[in-house]
Amino acid sequence: MAISKLTRAIIVITTISGAVMELIDSSIVNVALNNISGNLGATTEDASWVVTSYAIANVIVIPMTGFLSRFFGRKNYYLSSIIIFTIASYMCGASTSLWMLVFWRFIQGLGGGALLSVSQGILFEAFDPSEKSKASGIFGMGVVIGPTIGPMLGGYIVDNYSWPLIFTINIPIGVIAALLTWRYIDKKPEELVIDRKVIKVDYIGILSLAAGVGALQYVLEKGQTDDWFENEAIRIMTTIAFVGLALFIWWEITTKQPVINLKVMKSTNLIGSNVITFVCGFGLYSSVYIFPLMVQRAMGYTPTESGLSLIPSALASIIAMPLIGNLMGKGVSPLIFVAAGFLFFISHGFLASQASPEASRAWFTYVQIFRGLGTSCLTVPLLTQAVVGLKPKDIPYGISLNNMSRQLGGAFGIGLMNTYAARRMAVHRSDLVSNLQGNNILLQERLHRISNTLTAKGVNRLQAKSQAAYATLDHAISNQAQMRAYLDGFLLISIFFIAAVPFILMLKTKPMDAATRARIASEAH
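Computed from a predicted structure; not experimentally measured.

For the protein, the count of helices and strands is 22 helices and zero strands. A total of 525 residues make up the protein; the buried ones form 51% of that total. Within the protein, contacts between residues separated by at least 24 positions form 82% of all contacts whose residues are at least 6 apart in sequence. Per element, the accessible surface of the protein, about 23,400 Å² overall, is 66% carbon and sulfur.

So this is what it looks like as structure tokens:
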């Protein structure tokens, strides 16, 4: 049924608002973690759960969006997700403790899972088949705008207001989006006659996935601080993770109505693309996570400055994505872009690892551009490769698994990066301290300069020569060790990509008809 131009415009605004709101919230928090941890009296490692809990919720709910849309009806599910996201945003802003914030971020992630994939399907149906490319371009710009303005907006809010506003700013947008959805988005014919008795809920699959992923993330996040398997909670969570994920895989393969159809994993293309997508998620999320922490904690950037430093990456994506889409439409092999994406990401990690505390903003601009180009070269080509060889009915499952792999890689990356950075900081601090010998002339000169500086600022001379000078030197050592630890984290990203190179050989190209390409575009996010 044809719709008016006004209604179509409202649908575009509604769906883009939902998608952008979700994408902003996936990146806006990164530049505020330093302030959140300080305000709520938490360590940086614990504060990372604010990001990770959101990613875990996405991992759980994204592959289930197809099932949930069928069970509740797409409009009902989309409207409910907006309401859940908006309420959770308010509760995040009202949180008075870290773990209260983490809980509501998880609920926010459950609501946000539908705001990309479902909104894109709704948007595509508002356009005629001949205008699908226009719809794809509109949505693609929205997808890029969210991560672009997220860090910048977060930095501005934290510097000029307070961190709760990064969440409560969603409330008016969510209320408007919910009202427009209720009024202007129609139910599909099949939504009017849903027989929920026929649709079986895969409770075992859902619960085993949630338990396995959640427990695994706990082990990655807390293992370093809790002395790994010397801690009983870590041993229990490791067991839950292993049993939960094993049960999930076995059950989804054997049950007749799985929430996620793992049988499509027989495709070597899907296996290879999912492994690479996992590594891509690892590189993307962990890089965006550690970069603001590094420049704020070790280099003195403000949240606004760290947010602005991430913009070159998004601008590179805005320019590159349409070009890559056009070239693929003209028959250029996706494997060329996958190889280029690997090269860009490896270069990004290696160059970032060579930075120094005196590195200029121009240095990081080049580094961020490489990350943006790498992301652009991998996102759509990998999704295209994921469904090569799949039957039309299996394409949605392939896309869901690919999206889940990216989110899982991101959650894994943040957890691992926390542990890795903490261990590397301890190693670097030990190395630096071991070089401080009492008879070292350079050390004595450094302490003398520090003492003179402190005395000039009004510190008692005797105190300046003793504990104050050593405390200042200790702070400098810790700062340098922390900087080196984050640089090692960037190098780890390059190592992950190098290790994943053999999986490119599993990918094989195959021409796709226009209908298949349109279906991929409409169901991807």
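What follows covers the nonpolar core. Among the nonpolar cores identified, the biggest contains 109 residues, and V29, M294 and F364 are the most heavily contacted of them. Per-element accounting of this core gives the leading share, 14 residues, to helix α14 (residues 268-297). Contacts of M294, omitting those with residues within four sequence positions, involve M299, F364, M483, Y486, L487 and F490.

A few words on a nonpolar patch on the surface. Judged by side-chain polarity, Y156, Y161 and L165 come together as a nonpolar surface patch covering roughly 320 Å² of accessible area. Relative to the elements of secondary structure, Y156 occurs in helix α9 (residues 132-160).

Attention now moves to the environment of F370. As for its position among the elements, F370 is in helix α18 (residues 361-386). Separated by 24 residues in sequence, F370 and I346 have C-alpha atoms that sit 9.0 Å apart. Not counting residues within four places of it along the chain, the set of residues in contact with F370 comprises F344, S347, H348 and L351.

Moving on: the side chain of T86. Here T86 shows up in helix α6 (residues 74-93). Since its relative accessible area comes to 10%, T86 is described here as buried.

Viewed as axis vectors pointing N to C, helix α4 (residues 49-61) and helix α12 (residues 203-222) meet at an angle of 155 degrees, and their least axial separation amounts to 10 Å. In terms of orientation, α4 and α12 fall into the roughly antiparallel class. Every pair of crossing elements has a handedness; the one defined by α4 and α12 is right-handed. Only L209, A210, V213, Q217, Y218, E221 and K222 of α12 make contact with α4, whose side of the interface consists of W49, T52, I56, V59 and I60. Broken down by class, the residue content of the contact of α4 with α12 amounts to eight nonpolar, two polar and two charged.

This part covers the packing of aromatic side chains. Taken as a whole, this structure holds twelve aromatic pairs when the rule is applied. With 5.3 Å between their ring centres and 75 degrees between their planes, F291 and F364 make a pair best called edge-to-face. Of the two residues, F291 sits in helix α14 while F364 sits in helix α18, which places them 73 residues apart along the sequence. On the basis of relative accessibility, which here comes to 3%, the residue F364 falls in the buried class. An aromatic cluster is present here, built from F278, F282, F412 and F496 joined pairwise through their rings. One cation-aromatic arrangement involves R183 over Y184; the distance from NZ or CZ to the ring centre is 4.9 Å.

In this section: the pattern of salt bridges. Under the counting rule described, the total for this entry stands at one salt bridge. Across the pair D488 and R424 runs a salt bridge, and its minimum N-O distance is 2.9 Å. Taken together, the residues D488 in helix α21 (residues 461-500) and R424 in helix α19 (residues 395-434) connect sequence positions 64 residues apart. The class for R424 is partly exposed, based on a relative accessible area of 25%.

As a further point, take the side chain of N58. The topology assignment puts N58 in helix α4. Residue N58 is classed as buried on the basis of its relative accessible area, which comes to 4%. From its side chain, N58 meets the backbone oxygen of G109 in a polar contact 2.9 Å long. Apart from residues no more than four positions distant in its own chain, N58 is found in contact with E22, P63, G109, G112, G113 and Q407.

Here we take up the confidence of the model for the protein. Here the protein averages 79 in pLDDT, while 81% of its residues score no lower than 70. The model gives residues 521-525 a pLDDT under 50, and that stretch makes 17 contacts with residues more than four places away or in other chains.

Cut-off values and rules
- Residues numbered from 1 in each chain as written.
- Predicted model: local features only at pLDDT ≥ 70, side-chain atom pairs only at ≥ 80, totals over all residues.
- Heavy atoms only, no water.
- Helix = DSSP H or I, 4+ residues; strand = E, 2+ residues; numbered from the N terminus.
- Buried < 20%, exposed > 50% of the residue type's maximum accessible area, 1.4 Å probe, protein only.
- Contact = heavy atoms within 4.5 Å.
- Areas by Shrake-Rupley, 256 points an atom, 1.4 Å probe, with all protein chains shown as cover.
- Core = buried A, V, L, I, M, F, W, Y, C linked by side-chain atoms within 4.5 Å.
- Patch = residues over 30% accessible without salt bridge, like charges linked within 9 Å, V, L, I, M, F, W, Y side chains within 5 Å.
- Salt bridge = Lys/Arg side-chain N within 4 Å of Asp/Glu carboxyl O.
- Axes fitted to C-alpha atoms, helices over the stretch in contact; angles between N-to-C directions.
- Parallel < 35°, antiparallel > 145°, perpendicular 65-115°, else oblique.
- Left-handed = near helix turned anticlockwise from the far one by under 90°.
- Nonpolar A, V, L, I, M, F, W, Y, C, P; charged D, E, K, R; others polar.
- Phe/Tyr/Trp six-rings, centres within 6.5 Å; stacked < 30°, edge-to-face > 60°.
- Lys NZ or Arg CZ within 6 Å of the ring centre and 35° of its normal.
- Polar contact = N/O pair within 3.5 Å; in protein donor to acceptor, adjacent residues only side chain to side chain.
- pLDDT = per-residue confidence, 0-100.

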